[in-house]
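Close look at the chain arrangement
The primary structure of each chain is shown beneath.
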Amino acid sequence: MASTVQGSGGVSSALMDAMNPKKSSAAKTDVEEAQDRFLKLLVTQMKNQDPMNPLDNAQVTSQFAQLSTVTGINKLNDAMTSMMAGYQANQTLQAVGMIGRGVLSSGSRIELTKGSGLLGVDLAEPADKVSVTIRDASGKEVRKLELGAQKAGSQPVAWDGKAEDGSALKDGHYTFEVAAVRGGAKVAATALQFGLVDTVSTDAKGVKLNVSGLGSLNLADVRQIL
């Protein structure tokens, strides 16, 4: 037996109204409500003014100027809120694309894994000589890398996991420090530590990169993406 689909003509109007409620008129914004309150107060004030001492044009103009200022500030706040939301959404998309990527951020820790490690240096200006001193957990110097002349900016540095005498060191945590000179004068140098971006999260303070071994970083903390 063939089934039939009944048209709306066989459905009660009450049911149709329940399934398709009419949209209520859009709620007024705070700015519109403020304008309405102002205009009502102004009209009431003009209706009840003293005929012998009516409001002058300067008073009315001043009140309209105040309304314009309040309205402008409210609109500016709305625009800034919208811009910030768009900015954070853009940051989130950018951060998601960094998952699984290596990053360098300020820090002096280096992880030796399977006989190799990665670190970085950031120079405020070009240097004639740059050196990296690596120390073990006890603070003992185990290797000094001479990088020679380097340009300004951040750059990664690979370590083969060997000590000064060429012997292989055990995997684990090490620390390092950077020194740079130019023409006999010290150059500002920042040690950069390496980590992999595992996940991305957001909170009231913005977008965070959760980096293995480094913890939670802001996008601004990243000096270089590898």
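Along each chain, residue indices are assigned from 1 in the same order as the chain's sequence is written. Only residues with pLDDT of at least 70 get local features here, since the model is predicted, and only at 80 or more are side-chain atom pairs given and counted; chain-wide, interface and lining totals rely on the full set of residues. The basis for every side-chain value is the complete set of heavy atoms in the structure, and neither hydrogens nor water enter the calculation.

Here's the deal with the pairing of strand β5 (residues 141-150)
We call two strands paired when DSSP finds no fewer than two bridges between them. Labels follow the DSSP assignment, with helices taken as runs of H or I lasting at least four residues and strands as runs of E lasting at least two, numbered in each case from the N terminus. Note that strand β4 (residues 127-135) and β5 share 7 bridges and pair antiparallel. Looking across to β5, one finds that S131 is bridged to E146. Where β4 folds back onto β5 in an antiparallel hairpin, the turn is made up of 5 residues, including G139, whose phi is positive at roughly 95°.

Here we look at the layout of surface pockets
Throughout, the protein atoms alone are placed on a 1 Å grid, and a set of points is a cavity if a 1.4 Å probe fits but cannot get out or a pocket if it is open with protein on both sides within 12 Å along at least five of seven lines; lining residues have an atom within 4 Å of a point. Grid points are joined across faces, edges and corners, and a volume is the space filled by probe spheres set on the points. By volume, the largest pocket amounts to about 330 Å³. Contributing to the lining of the largest pocket are 14 residues, with E111, T113, L118, F194 and G195 lying nearest its centre. With 4 residues, strand β9 (residues 189-203) is the largest single contributor of residues to the lining of the largest pocket. Residue polarity is assigned by list, with Asp, Glu, Lys and Arg as charged and Ala, Val, Leu, Ile, Met, Phe, Trp, Tyr, Cys and Pro as nonpolar; anything else, Gly included, falls into the polar class. A class-by-class count of the residues in the lining of the largest pocket yields 5 nonpolar, 7 polar and 2 charged.

Focus on the confidence of the model for the protein chain
Regions with low pLDDT carry predicted coordinates that are not meant to be interpreted in detail. Overall, the prediction assigns the protein chain a mean pLDDT of 79, with 62% of residues at 70 or greater. No element of the protein chain has a lower mean pLDDT than helix α1 (residues 13-19), which averages 55, and none a higher one than β4, which averages 97. What pLDDT conveys is the predictor's confidence in a given residue, as a value from 0 to 100. Should any heavy atoms of two residues lie within 4.5 Å, those residues are considered in contact. Per-residue pLDDT stays below 50 along residues 1-9; that stretch engages in 1 contact with residues further than four places along the chain or on separate chains.

Some words on the packing of aromatic side chains
For this analysis, a ring pair means two rings from Phe, Tyr or Trp (six-membered ring only for Trp) whose centres lie within 6.5 Å, classed as stacked if their planes differ by under 30 degrees, edge-to-face if by over 60, and tilted for the remaining angles. One pass over the structure, following the stated rule, counts 1 aromatic pair. An angle of 80° between the planes, with centres 5.3 Å apart, marks the rings of W159 and Y174 as edge-to-face. You can see W159 sitting in strand β6 (residues 153-159) and its partner Y174 sitting in strand β7 (residues 172-182), a full 15 residues away along the chain. Think of it in three bands: residues with accessible area under 20% of the maximum for their type are buried, residues over 50% are exposed, and the middle band is partly exposed, with areas taken using a 1.4 Å probe on protein chains only. On the basis of relative accessible area, Y174 is assigned to the buried category, the value being 8%.

Here's the deal with a negative patch on the surface
On the surface, a cluster of negative charge is contributed by E141, E146, E164 and D165. For E146, the location among the structural elements is in strand β5. Residue classification places E146 among the partly exposed residues on the basis of a relative accessible area of 47%. Put simply, a patch holds well-exposed residues, over 30% relative accessible area, that have no salt bridge, with like charges counted together within 9 Å and Val, Leu, Ile, Met, Phe, Trp or Tyr side chains within 5 Å. Exposure was quantified through the Shrake-Rupley algorithm and a 1.4 Å probe, taking into account, for residues, occlusion by the shown protein chains and nothing else. For salt bridges, the criterion is a side-chain nitrogen of Lys or Arg within 4 Å of an Asp or Glu carboxyl oxygen. Charge assignment: positive for Lys and Arg, negative for Asp and Glu; neither His nor the chain ends contribute. Where a charge lies is defined by one atom per residue type, namely NZ (Lys), CZ (Arg), CG (Asp) and CD (Glu).

With respect to the pattern of salt bridges
This model, assessed by the stated rule, comprises 5 salt bridges. Among the ionic pairs, R135 bridges to E177, the shortest N-O distance being 3.2 Å. Here R135, found in strand β4, pairs with E177, found in strand β7; they are 42 residues apart in sequence, far enough to count as distant. Taking the relative accessible area as the measure of exposure, E177 reaches 40% and is therefore partly exposed. Ionic pairing is found between R143 and D160, a salt bridge with its closest N-O pair at 3.0 Å. In this pair, R143 is assigned in strand β5 and D160 in the loop between β6 and β7, connecting sequence segments 17 residues apart.

Comments concerning the nonpolar core
Residues L119, V132, I134, W159, Y174, F176 and V178 are the most contacted members of the largest nonpolar core, which totals 19 residues. Those elements that place two or more of their residues in this core are β2 (109-112), β3 (117-123), β4, β5, β6 and β7. Not counting chain neighbours up to four residues away, the residues in contact with L119 comprise L104, I110, V132, I134, Q155, P156, V157, F176 and L192. Here the nonpolar core consists of buried residues drawn from Ala, Val, Leu, Ile, Met, Phe, Trp, Tyr and Cys, with membership extended through side-chain atoms lying within 4.5 Å. Formed by 11 residues, the second largest nonpolar core is a distinct cluster that contains V207, V211, L214 and L217.

A word on the environment of F194
Within the element layout of this structure, F194 appears in strand β9. With 32 residues separating them along the chain, F194 and L226 place their C-alpha atoms 9.4 Å apart. Look past the residues within four positions of F194 in its chain and what remains in contact with it is G102, V103, L104, L118, L214 and L226.

Some thoughts on the environment of Q193
With respect to the helices and strands, the residue Q193 is situated in strand β9. Spatially, the C-alpha atoms of Q193 and T175 are 9.3 Å apart, while their sequence positions differ by 18 residues. If sequence neighbours within four positions are ignored, Q193 has contacts with V103, L104, S105, S106, G107, S108, R109 and L214.

Let's talk about the side chain of R143
You can call R143 buried: its relative accessible area is 17%. Side-chain atoms alone can form a polar contact between residues adjacent in sequence; in general such a contact is a pair of N or O atoms within 3.5 Å, and within protein one must be able to donate a hydrogen while the other accepts it. Here D160 takes part through its side chain, which lies 3.0 Å from a polar atom of the side chain of R143. When neighbours within four sequence positions are excluded, R143 is seen to be in contact with V132, T133, I134, W159, D160, K162, A163 and E164.

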